[in-house]
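Analysis of the macromolecular model
Chain by chain, the residues run as shown.
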Amino acid sequence: LDAGSATDAASAGDPITEFCTRSAAAKCSWVYMCVGAGYQVESLFGLGGPTPEACERQATSACEEDLRDRESRGTLDFTETAIDACIQQLDRAPCQRTPAVEWATQWHEFVANNCGRVAAGNVQSGEACERSTDCTGRHDTCIGQICKTARGVDLNQPCTPTGTTATMAPSD
């Protein structure tokens, strides 16, 4: 998949497709250039795929699925005019020289600060939600179908094993 032609094709379509395609290309290009392939791509950065191209396909699909769902439920505030600024900042994101685990949180904050206005949630704190991306508060999350700021007790919940496993390269 040629990222240039995918971006050009998305530009001719609707703004959600454009945003998802361009942001996935920028994020995946960056993470594979700065971090390389391996378990950290998914575990630290939430991006999947064994190659940058597979990462782009998966990230684009996940983004579109999320935004289309939120759009249909009325929980999406989409600002088309913020797309270019978001992508420009993603394209300029610097690589760090320390292990990714030390700065992954900073990268997520960088993305949120520079791209959060494009596809924001519009559900206020204390109101009903289905997922955390519905919530408008920067630190709110959807807990028990209500947008609220998580407390320690909210986060300390038992995990349910899915029965799936992932493989890691010996170098990881």
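Since this is a predicted model, take the numbers as computed values, not measurements. (Residues numbered from 1 in each chain as written. Predicted model: local features only at pLDDT ≥ 70, side-chain atom pairs only at ≥ 80, totals over all residues. Heavy atoms only, no water.)

With that settled, consider the confidence of the model for the chain. When pLDDT is averaged across the chain, the result is 82; 82% of the residues are at 70 or more. The weakest mean pLDDT in the chain belongs to helix H1 (residues 3-12) at 46; the strongest belongs to strand S1 (residues 76-78) at 96. This stretch, residues 1-11, has a pLDDT under 50; its non-local contacts, to residues over four places away or in other chains, come to twelve contacts. Every residue in residues 165-172 scores below 50 in pLDDT, and together they form three contacts with partners more than four places removed in sequence or on other chains. (pLDDT = per-residue confidence, 0-100. Helix = DSSP H or I, 4+ residues; strand = E, 2+ residues; numbered from the N terminus. Contact = heavy atoms within 4.5 Å.)

Core analysis: the largest hydrophobic core is formed by 32 residues, its most contacted members being Phe19, Trp30, Phe45, Leu47 and Leu67. Of all elements in the fold, only helix H2 (15-34), helix H4 (52-73), helix H5 (83-91) and helix H6 (104-115) reach the threshold of two or more residues within this core. The element contributing the most residues to this core is H2, with ten residues. Judged by nonpolar contacts, the second largest core, of five residues, contains Val123, Cys135, Cys142 and Cys147. (Core = buried A, V, L, I, M, F, W, Y, C linked by side-chain atoms within 4.5 Å. Buried < 20%, exposed > 50% of the residue type's maximum accessible area, 1.4 Å probe, protein only.)

What the rule picks out here adds up to eleven salt bridges. The partner of Asp66 in a salt bridge is Arg70, and the shortest N-O contact between them spans 3.0 Å. In this pair, Asp66 and Arg70 both sit in helix H4, four residues apart, roughly one turn of the helix. Each of Asp66, Asp69, Arg70, Arg73, Glu130, Arg131 and Asp134 takes part in one network of salt bridges that share partners. (Salt bridge = Lys/Arg side-chain N within 4 Å of Asp/Glu carboxyl O.)

Tracing the sequence through the fold places Thr75 in the loop between H4 and S1. Look at Thr75 and you get buried, because its relative accessible area is 9%. A polar side-chain atom of Thr75 sits 2.9 Å from a polar atom in the side chain of Asp134. Once you skip the residues sitting within four places of it in the chain, Thr75 turns out to touch Arg70, Ala120, Gly121, Asn122, Val123 and Asp134. (Polar contact = N/O pair within 3.5 Å; in protein donor to acceptor, adjacent residues only side chain to side chain.)

The next thing to look at is the pairing of strand S3 (residues 140-143). Burial along S3 is one-sided: the face carrying Asp140 and Cys142 is buried and the face carrying Thr141 and Ile143 is not. Pairing geometry for S3 and strand S4 (residues 146-149), over four bridges, is antiparallel. The partner of Asp140 across the bridge, within S4, is Thr149. (Pairing = 2+ DSSP bridges.)

All told, the structure shown has four aromatic pairs when counted by the stated rule. Centroid distance Trp30 to Trp107: 5.1 Å. Interplanar angle 15 degrees. Geometry classified as stacked. Placement of the pair is Trp30 in helix H2 and Trp107 in helix H6, with a sequence separation of 77 residues. Assessed through its relative accessible area of 7%, Trp107 is described here as buried. Where Phe45 meets Trp107, the ring centres are 5.1 Å apart and the plane angle is 85 degrees; that geometry is what we call edge-to-face. (Phe/Tyr/Trp six-rings, centres within 6.5 Å; stacked < 30°, edge-to-face > 60°.)

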